[in-house]
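Structural characterization, general
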Amino acid sequence: MRDIGVKANIYEAIEELKRAFPSSEFTVNEDQEGGAYVIVEHVLIGARYEPEQSWLGGHIPAQYPYADIYPVFMDAAVRRRDGIGFEAPITEGHNFRGRAAIQISRRNNRIQNSGQTAVAKFLKIVDFLENMP
(Lines give C-alpha, C1' and ligand atoms only; values in the text may rest on other atoms or scores of the structure.)
Protein backbone atom coordinates (compact mmCIF):
# COMPACT_ATOMS: atom_id res chain seq x y z
CA MET A 1 0.00 0.00 0.00
CA ARG A 2 2.94 2.38 0.50
CA ASP A 3 3.02 2.94 -3.26
CA ILE A 4 -0.18 5.01 -3.13
CA GLY A 5 0.29 8.76 -3.00
CA VAL A 6 -0.32 9.44 0.67
CA LYS A 7 1.97 11.21 3.12
CA ALA A 8 4.04 9.02 5.43
CA ASN A 9 2.03 10.00 8.51
CA ILE A 10 -1.23 9.07 6.74
CA TYR A 11 0.25 5.71 5.76
CA GLU A 12 1.25 5.09 9.38
CA ALA A 13 -2.24 6.11 10.60
CA ILE A 14 -3.76 3.51 8.26
CA GLU A 15 -1.31 0.87 9.49
CA GLU A 16 -2.28 1.71 13.10
CA LEU A 17 -5.95 1.29 12.18
CA LYS A 18 -5.16 -2.11 10.68
CA ARG A 19 -3.46 -3.16 13.92
CA ALA A 20 -6.42 -1.91 15.99
CA PHE A 21 -8.98 -3.70 13.79
CA PRO A 22 -7.07 -6.86 12.80
CA SER A 23 -10.12 -8.83 11.62
CA SER A 24 -11.37 -5.99 9.43
CA GLU A 25 -10.88 -5.45 5.73
CA PHE A 26 -9.85 -2.00 4.54
CA THR A 27 -10.58 0.09 1.49
CA VAL A 28 -8.14 2.97 1.08
CA ASN A 29 -8.24 5.60 -1.66
CA GLU A 30 -5.85 8.51 -1.85
CA ASP A 31 -7.44 11.97 -2.01
CA GLN A 32 -4.86 13.49 -4.42
CA GLU A 33 -3.67 15.88 -1.66
CA GLY A 34 -1.64 13.43 0.44
CA GLY A 35 -4.55 12.22 2.57
CA ALA A 36 -6.80 9.20 2.18
CA TYR A 37 -10.39 8.01 2.37
CA VAL A 38 -10.58 4.93 4.58
CA ILE A 39 -13.35 2.38 5.07
CA VAL A 40 -12.97 -0.21 7.83
CA GLU A 41 -15.25 -3.21 7.30
CA HIS A 42 -16.89 -5.43 9.94
CA VAL A 43 -16.53 -3.18 12.99
CA LEU A 44 -18.51 -4.32 16.03
CA ILE A 45 -20.73 -1.35 16.96
CA GLY A 46 -22.77 -2.97 19.73
CA ALA A 47 -25.71 -5.18 20.56
CA ARG A 48 -28.15 -2.25 20.51
CA TYR A 49 -27.90 -2.21 16.70
CA GLU A 50 -29.07 -4.47 13.91
CA PRO A 51 -26.76 -5.56 12.45
CA GLU A 52 -24.22 -5.47 15.28
CA GLN A 53 -21.40 -4.84 12.81
CA SER A 54 -20.98 -2.08 10.27
CA TRP A 55 -18.36 -0.46 8.16
CA LEU A 56 -16.94 2.84 9.41
CA GLY A 57 -15.45 5.34 7.02
CA GLY A 58 -13.79 8.71 7.09
CA HIS A 59 -11.34 11.03 5.42
CA ILE A 60 -7.86 11.31 6.91
CA PRO A 61 -6.81 14.72 5.56
CA ALA A 62 -3.27 15.61 4.54
CA GLN A 63 -3.06 17.94 7.58
CA TYR A 64 -3.46 14.95 9.92
CA PRO A 65 -3.07 14.77 12.91
CA TYR A 66 -3.87 18.48 13.25
CA ALA A 67 -7.06 18.28 11.21
CA ASP A 68 -9.95 16.21 12.46
CA ILE A 69 -11.23 13.05 10.80
CA TYR A 70 -14.73 14.48 10.60
CA PRO A 71 -17.35 13.27 10.09
CA VAL A 72 -17.25 9.50 10.30
CA PHE A 73 -19.86 7.39 8.50
CA MET A 74 -21.42 3.95 8.92
CA ASP A 75 -23.71 1.76 6.82
CA ALA A 76 -27.19 3.21 6.20
CA ALA A 77 -28.69 -0.23 6.89
CA VAL A 78 -27.89 0.02 10.62
CA ARG A 79 -30.96 0.39 12.86
CA ARG A 80 -31.42 0.63 16.61
CA ARG A 81 -32.98 -2.54 18.04
CA ASP A 82 -35.24 -0.49 20.32
CA GLY A 83 -36.92 1.03 17.26
CA ILE A 84 -35.97 4.59 18.20
CA GLY A 85 -34.68 6.56 15.26
CA PHE A 86 -31.34 8.30 15.20
CA GLU A 87 -31.05 11.92 16.32
CA ALA A 88 -28.24 14.44 16.01
CA PRO A 89 -25.32 14.00 16.20
CA ILE A 90 -26.21 10.88 14.17
CA THR A 91 -28.04 11.69 10.96
CA GLU A 92 -29.32 9.51 8.15
CA GLY A 93 -29.52 10.17 4.44
CA HIS A 94 -25.84 10.63 3.61
CA ASN A 95 -23.39 9.07 1.19
CA PHE A 96 -19.75 8.17 1.68
CA ARG A 97 -17.63 7.04 -1.24
CA GLY A 98 -20.68 5.81 -3.15
CA ARG A 99 -22.21 4.00 -0.16
CA ALA A 100 -25.50 4.96 1.48
CA ALA A 101 -24.44 6.13 4.92
CA ILE A 102 -25.34 7.42 8.34
CA GLN A 103 -23.18 10.35 9.46
CA ILE A 104 -21.79 10.36 12.98
CA SER A 105 -20.83 13.94 13.82
CA ARG A 106 -18.37 13.80 16.69
CA ARG A 107 -16.06 16.76 16.06
CA ASN A 108 -12.88 17.28 18.06
CA ASN A 109 -12.89 21.05 18.58
CA ARG A 110 -9.42 21.04 20.20
CA ILE A 111 -7.67 19.17 17.39
CA GLN A 112 -5.36 22.09 16.52
CA ASN A 113 -3.86 22.09 20.03
CA SER A 114 -3.34 18.37 20.43
CA GLY A 115 -3.73 16.08 17.48
CA GLN A 116 -5.88 12.98 17.70
CA THR A 117 -4.83 9.73 16.10
CA ALA A 118 -7.03 7.98 13.56
CA VAL A 119 -7.23 4.99 15.90
CA ALA A 120 -8.38 7.20 18.78
CA LYS A 121 -11.03 8.79 16.55
CA PHE A 122 -12.46 5.50 15.31
CA LEU A 123 -12.41 3.98 18.82
CA LYS A 124 -14.10 7.13 20.15
CA ILE A 125 -16.87 6.66 17.58
CA VAL A 126 -17.31 2.98 18.51
CA ASP A 127 -17.45 3.90 22.21
CA PHE A 128 -19.99 6.64 21.50
CA LEU A 129 -22.21 4.21 19.57
CA GLU A 130 -21.99 1.57 22.28
CA ASN A 131 -22.76 3.98 25.14
CA MET A 132 -25.10 6.64 23.78
CA PRO A 133 -28.50 6.83 25.47
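Scroll up to find the structure.
Residues numbered from 1 in each chain as written. Predicted model: local features only at pLDDT ≥ 70, side-chain atom pairs only at ≥ 80, totals over all residues. Heavy atoms only, no water.

Locating Arg79 in the fold gives a position in strand S6 (residues 79–80). The spacing of Arg79 and Arg48 is 31 residues in sequence and 8.6 Å in space, taken between C-alpha atoms. Filtering out sequence-adjacent residues up to four positions away, Arg79 remains in contact with Arg48, Tyr49, Glu50, Phe86, Glu92 and Ile102. Here the side chain of Arg79 touches Glu92 through a polar contact of 2.9 Å, side chain to side chain. (Helix = DSSP H or I, 4+ residues; strand = E, 2+ residues; numbered from the N terminus. Contact = heavy atoms within 4.5 Å. Polar contact = N/O pair within 3.5 Å; in protein donor to acceptor, adjacent residues only side chain to side chain.)

Across five bridges, the pairing between strand S7 (residues 90–96) and strand S8 (residues 99–104) is antiparallel. Residue pairing across strands places Asn95 opposite Ala100, the latter belonging to S8. In textbook terms, the turn of a hairpin is the stretch between consecutive antiparallel strands, and for S7 and S8 this stretch comprises two residues, one of which, Arg97, has a positive phi near 55 degrees. (Pairing = 2+ DSSP bridges.)

Taking 1.5 Å of rise per residue, the 14 residues of helix H2 (residues 118–131) would be expected to cover 20 Å, and the 20 Å separating its terminal C-alpha atoms lies within 8% of that figure. When H2 is considered as a whole, its buried residues turn out to be Ala118, Val119, Lys121, Phe122, Ile125, Val126, Phe128 and Leu129. (Expected span 1.5 Å × (residues − 1). Buried < 20%, exposed > 50% of the residue type's maximum accessible area, 1.4 Å probe, protein only.)

To continue, consider unusual backbone geometry. Residue Pro51 is reached from Glu50 by a cis peptide bond, and omega for that bond is -5 degrees. Tyr70 connects to Pro71 through a cis peptide bond whose omega is -10 degrees. Note on placement: Pro71 falls in the loop between strand S4 (53–60) and strand S5 (72–75). At His42, a residue that is not glycine, the phi angle is positive and equals roughly 60 degrees. Relative accessible area serves as the criterion here: at 41%, His42 is assigned to the partly exposed category.

Scanning the entire structure with this criterion turns up four aromatic pairs. Between Tyr49 and Phe86, the aromatic rings sit 6.3 Å apart at their centres with planes inclined by 20 degrees, giving stacked as the arrangement. Of this pair, Tyr49 sits in strand S3 (residues 49–50) while Phe86 is found in the loop between S6 and S7, placing the two residues 37 residues apart along the sequence. For Tyr49, a relative accessible area of 0% translates into the label buried. Take Phe86: its relative accessible area is 14%, and that puts it in the buried class. (Phe/Tyr/Trp six-rings, centres within 6.5 Å; stacked < 30°, edge-to-face > 60°.)

Here the focus is the nonpolar core. With 32 residues, the main nonpolar core has Leu56, Ile60 and Met74 as its most contacted residues. Listed by contribution, the elements that provide at least two residues to this core are helix H1 (8–20), strand S2 (36–44), S4, S5, S8 and H2. Here this core gets seven residues from one element, more than from any other, and that element is H2. For Ile60, the residues in contact, after removing those within four places along its chain, are Ile10, Ala13, Ile14, Leu17, Asp31, Gly35, Ala36, Val38, Ile69 and Ala118. Counting residues in each nonpolar core, the second largest holds five residues, with Ile39, Trp55, Phe73 and Phe96 among its members. (Core = buried A, V, L, I, M, F, W, Y, C linked by side-chain atoms within 4.5 Å.)

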